[in-house]
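Survey of secondary and tertiary structure
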Amino acid sequence: MINADLNWIAKVLDCELLGDNTPFSTIETDTRKIESGQVFLALKGPNFDGHKFADVAAEKGAVALIVEQKLALDIPQFVVENTRLALGELGRAVKAQVAPKTVAITGSVGKTTVKEMAAAILSQLGSVLATKGNFNNDIGVPLTLLRLEEHHQYAVVELGANHIGEIGYTTDLVKPDVAGIANVAEAHLEGFGDLFGVARAKGEIFQGLPQGGTAVVNADSEFIDYWLARLTDKNVTQFSMLSQKDIWAEEIELDELGRARFELCYKSDKVAVSLPVSGQHNVANAMVAAALVLPLGVSLQQVASGLAKMPQVKGRVNVIEVNSQLTLVDDTYNANVRSVKAAIDLLANSSGYTILALGDMAELGEDARIYHQEVGEYAKQQGIDKLYSLGVLSQSASDVYKQPGLHFSTREKLLTELQNELSAVNGKVTILVKGSRSSRMELLVEELEKNNNKGEQSC
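Overview of the structure. Bear in mind the structure is a predicted one, so any value in this text is a computation, not a measurement. (Residues numbered from 1 in each chain as written. Predicted model: local features only at pLDDT ≥ 70, side-chain atom pairs only at ≥ 80, totals over all residues. Heavy atoms only, no water.)

Bringing the overall build of the protein chain into the picture now. Of regular secondary structure, the protein chain possesses 16 helices and 23 strands. Compactness check: the protein chain gives a C-alpha radius of gyration of 24 Å against a globular reference of 23 Å for 459 residues, within 12% of the reference. Across its three principal directions, the C-alpha atoms of the protein chain cover 75 × 55 × 45 Å. A separation of at least 24 residues holds for 63% of the contacts in the protein chain among residues at least 6 apart in sequence. If you sum the accessible surface of the protein chain, you get close to 19,300 Å²; carbon and sulfur atoms cover 46% of it. Taking the average place of the 42 positive charges on the side chains of the protein chain and the average place of its 58 negative ones, the gap between the two points comes to 1 Å. (Helix = DSSP H or I, 4+ residues; strand = E, 2+ residues; numbered from the N terminus. Rg over C-alpha atoms; globule rule 2.2 N^0.38 Å. Contact = heavy atoms within 4.5 Å. Areas by Shrake-Rupley, 256 points an atom, 1.4 Å probe, with all protein chains shown as cover. Lys, Arg positive; Asp, Glu negative; His and termini not counted. Charge placed at Lys NZ, Arg CZ, Asp CG, Glu CD.)

Next comes the structure, spelled out in structure tokens:
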């Protein structure tokens, strides 16, 4: 965070400092992480109240509190009407003071991968701050902005939402120079109602663009006309996997691990790109990342070299060669219909025996079972040899497969049956493990890797 004192907070929040001024290091909302010299901001929600832990923050060395009512504690305090909104204003103030060139990304699938790609490209030009993990909601985004320091020249901020209005709020804090929507798919439908509700919510990201800012949109989306009609006063960059728009790809080839090589085309120029991550869907993610950074003066060659150096993101299509027989595809970070189908496409191109281990896809609304049936049918159409499922909703995917006895209510039983399957199969086996965060499918990956790593190096 920038160098600041308590008087700075009072000025930003336009409220009185109850106590003496002193410098502070940063602002923290979790007393489990609080350290000496920090300010504790007490968030309040339906199922929690940070005010109850303010005494813990004081005992651990917090120098001040931001609260919604004055507490009987001998520590400087700021009393505000809404601490959640106060957190947003503090993040907004830091962003305005540091003023890095900023890109923002949202989408139902792949936005974290796009964020990592864009950050890898921009890191060649200067110091970059990027969203950590899934800090992409109305709390995570301000906390991300608070991490900005004076040396940061660029910021890459991921915006997520589970209800209408959330991205509109966070993009107003971020004020990006370039903002993009990777895609729209069946995700968080409980908060949006239907797919058009998702498109509306994602489109809120463009509300934060200044005059002359650039909007990045997917020309292949059924909602392209809806977005373009609302971007008449903005610069627009369109990317496409199906036609030659502003950015497109040609001569796409996948290697034995599903990593793409292709020609990235931008208007009249092109460059050869090799991705270190697996899956043809990452070609589209690379196009989004390119579209986000090119308006900032990045060259096409710098795009290619940055993409080649992007780090692996845990749980995002990580291909793990456990031993000479078993390859795991760890795509457990999250799941919705589109991301599961993309992962199935990668699995279908794998050599040898193929298995999909599927956990429940969460937050899909009243049609959740239908969506699970859809991915089960898709896996069957793509020729996947076996589908093992874990949870409640995923049984609908197994039912479509008509392979009795391959649905499980516990991870332990699923693991046992997968190990039996591996023992019975002669030759190479690839297991794709996929599910929403609530399914904790990453634990299955860890157990499979541990049980089958017989001293051979994984990569």
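Now that the structure has been shown, the text picks up again.
With respect to the element layout, Gln 77 can be found in strand β8 (residues 77-79). For Gln 77, a relative accessible area of 1% corresponds to the buried category. Considered as a pair, Gln 77 and Ala 260 are 183 residues apart in the sequence and their alpha carbons are 54 Å apart. Among residues more than four places away in sequence, those in contact with Gln 77 are Glu 16, Leu 17, Leu 18, Leu 65, Val 67, Gln 69, Lys 70 and Leu 71. Only 3.2 Å separates the side chain of Gln 77 from the backbone oxygen of Leu 73, close enough to count as a polar contact. (Buried < 20%, exposed > 50% of the residue type's maximum accessible area, 1.4 Å probe, protein only. Polar contact = N/O pair within 3.5 Å; in protein donor to acceptor, adjacent residues only side chain to side chain.)

As a further point, take the pattern of salt bridges. Here the structure, examined in full by the defined rule, presents 17 salt bridges. Of the charged contacts, one joins Glu 442 and Arg 440 as a salt bridge, the two residues approaching to 2.7 Å between their closest N and O atoms. Residue Arg 440 is classed as partly exposed on the basis of its relative accessible area of 41%. Within this structure, Glu 89, Arg 92, Asp 172 and Lys 175 form a network of salt bridges that share partners. (Salt bridge = Lys/Arg side-chain N within 4 Å of Asp/Glu carboxyl O.)

Below, the discussion takes up the packing of aromatic side chains. Applying the stated criterion across every chain yields a total of four aromatic pairs. Taken together, a centroid distance of 5.1 Å and an interplanar angle of 75° make the contact between Phe 196 and Tyr 226 edge-to-face. Taken together, the residues Phe 196 in helix α8 (residues 195-203) and Tyr 226 in helix α9 (residues 224-228) connect sequence positions 30 residues apart. Of the residues examined, Phe 196 reaches a relative accessible area of 37% and is grouped as partly exposed. Ring geometry for Phe 223 and Trp 227: centres 6.3 Å apart, planes at 55°, overall tilted. (Phe/Tyr/Trp six-rings, centres within 6.5 Å; stacked < 30°, edge-to-face > 60°.)

Moving on, we get to the pairing of strand β13 (residues 214-218). Both faces of the sheet carry side chains from a regular strand, because those side chains alternate between them. Within β13, five of the five residues are buried, which leaves the element mostly enclosed by the surrounding structure. Alternating positions in β13 separate into two faces, Thr 214, Val 216 and Asn 218 on one and Ala 215 and Val 217 on the other, with burial throughout. Two elements, strand β12 (residues 178-181) and β13, share three bridges in a ladder whose sense is parallel. Opposite Val 178, over in β13, you have Thr 214 as the bridge partner. Bridge count for β13 against strand β14 (residues 235-240) is five bridges, and the pairing is parallel. (Pairing = 2+ DSSP bridges.)

Below, the discussion takes up the sheet that holds strand β23 (residues 429-434). On the basis of which strands lie adjacent, the open sheet formed by six strands has the order β18-β19-β23-β20-β21-β22 and mixed pairing. The outermost strands of the open sheet, each flanked by one partner alone, are β18 (318-321) and β22 (407-408). Two elements, strand β20 (residues 353-359) and β23, share six bridges in a ladder whose sense is parallel. If you follow Ala 357 over to β23, its bridge partner there is Val 433. Packed onto the sheet, helix α15 (residues 411-424) meets β19 (326-331), β20, β21 (386-390), β22 and β23 and runs at close to 165° relative to β21. (Axes fitted to C-alpha atoms, helices over the stretch in contact; angles between N-to-C directions.)

On to the packing of helix α1 (residues 6-13) against helix α3 (residues 83-98), then. Remark: α1 packs on α3, axes separated minimally by 10 Å, with the N-to-C direction vectors making an angle of 105°. As the angle between them shows, α1 and α3 are arranged roughly perpendicular. In this structure, α1 uses Trp 8, Ile 9, Val 12 and Leu 13 to contact α3, whose residues at the interface are Ala 86, Glu 89, Leu 90, Ala 93, Val 94 and Gln 97. For the contact of α1 with α3, the per-class residue count stands at eight nonpolar, one polar and one charged. (Parallel < 35°, antiparallel > 145°, perpendicular 65-115°, else oblique. Nonpolar A, V, L, I, M, F, W, Y, C, P; charged D, E, K, R; others polar.)

Before going further, it helps to examine the packing of helix α12 (residues 337-348) against helix α13 (residues 368-381). Two elements in contact, α12 and α13, have axes separated by 10 Å at closest approach and are oriented at 10°. Taken as axis vectors, α12 and α13 run roughly parallel relative to one another. In terms of crossing hand, the pair formed by α12 and α13 is right-handed. Contacts between α12 and α13 involve Val 337, Val 340, Lys 341, Ile 344 and Asp 345 on the former and, on the latter, Tyr 371, Glu 374, Val 375, Tyr 378 and Ala 379. Along the lines of polarity and charge, the residues of the contact of α12 with α13 split into seven nonpolar, no polar and three charged. (Left-handed = near helix turned anticlockwise from the far one by under 90°.)

Turning our eyes to something else, we now look at the pairing of β23. Among the six residues in β23, six count as buried, and that is most of the element. Residue alternation in β23 divides its side chains into two sets, Val 429, Ile 431 and Val 433 and Thr 430, Leu 432 and Lys 434, and both sets are buried. Of the strand pairs in this sheet, β19 and β23 are connected by six bridges, and their pairing is parallel. Bridge pairing links Leu 326 to Val 429 in β23.

Read these as spatial facts, not as claims about activity.
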